[in-house]
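Results of the structural survey
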Amino acid sequence: MLTAEQIIAAQKANVETVFGLTQKALEGVEKLVELNVQVAKTSLKEAADHAQAVLSVKDAQELLALQASLLQPVAEKAAAYSRHLYDIASSTNAEVGRVAEEQLADMQRKFLAVVDTAIKNAPAGTENAAALVKSAVTAANNAFESVHKAVKQAADVAEANIQAVTNTAVKAAEAAKPKRAAA
């Protein structure tokens, strides 16, 4: 049986965990806001520079060349932005996942300790039921580990796919870049 002190300690640990996870989530949001502010500043400056360049164009051919020259950097910047977004999301998710895993492992250890204590203090004749409970807990832990490994593998595949799509987009933008005619 759990004592009042154990329950209070568990609740205190849970509150600390919630605040820790909230802090990690806010750090992720802060990084996202910083990225978006930087992108907004850069975009505003580039728009002003582009407007100045358009105003200094002397003929249609020069305008077309100017417009074509802007396509490559836009694709690269979009790919870079996507990578930054993904990095922020994955690092925040990894940190939250790490804390959650630690908490779950701690809870599993404590639960197994309670089960072990209950088995040791169980009345005679209940050994089979106690062994069944312990076996069920072990099976649940093993199932959780299997699911966790599958989720990690899926996340790794998703990350590889995002990287491949980003690389393909940048290469496609590079291939679409007009070649300068030899003068």
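Above this text you will find the structure in question.
**Let's talk about the side chain of T92**
Examined against the element boundaries, T92 turns out to sit in helix α2 (residues 60–120). In this structure T92 comes out as buried when scored by relative accessible area, which is 17%. The residues contacting T92, other than those within four sequence positions of it, are K24, A25 and G28.

**A word on the environment of E62**
Secondary-structure assignment places E62 in helix α2. Residue E62 is classed as partly exposed on the basis of its relative accessible area of 35%. Beyond its immediate chain neighbours, meaning those up to four positions away, E62 contacts S56 and V57.

**As for a nonpolar patch on the surface**
A contiguous nonpolar patch, built from V29, V33 and V37 and spanning about 230 Å² of accessible area, is present on the exposed surface. Among the structural elements, V37 can be located in helix α1 (residues 4–55). Taking the relative accessible area as the measure of exposure, V37 reaches 41% and is therefore partly exposed.

Conventions we followed
Residues numbered from 1 in each chain as written. Predicted model: local features only at pLDDT ≥ 70, side-chain atom pairs only at ≥ 80, totals over all residues. Heavy atoms only, no water. Helix = DSSP H or I, 4+ residues; strand = E, 2+ residues; numbered from the N terminus. Buried < 20%, exposed > 50% of the residue type's maximum accessible area, 1.4 Å probe, protein only. Contact = heavy atoms within 4.5 Å. Patch = residues over 30% accessible without salt bridge, like charges linked within 9 Å, V, L, I, M, F, W, Y side chains within 5 Å. Areas by Shrake-Rupley, 256 points an atom, 1.4 Å probe, with all protein chains shown as cover. Salt bridge = Lys/Arg side-chain N within 4 Å of Asp/Glu carboxyl O.

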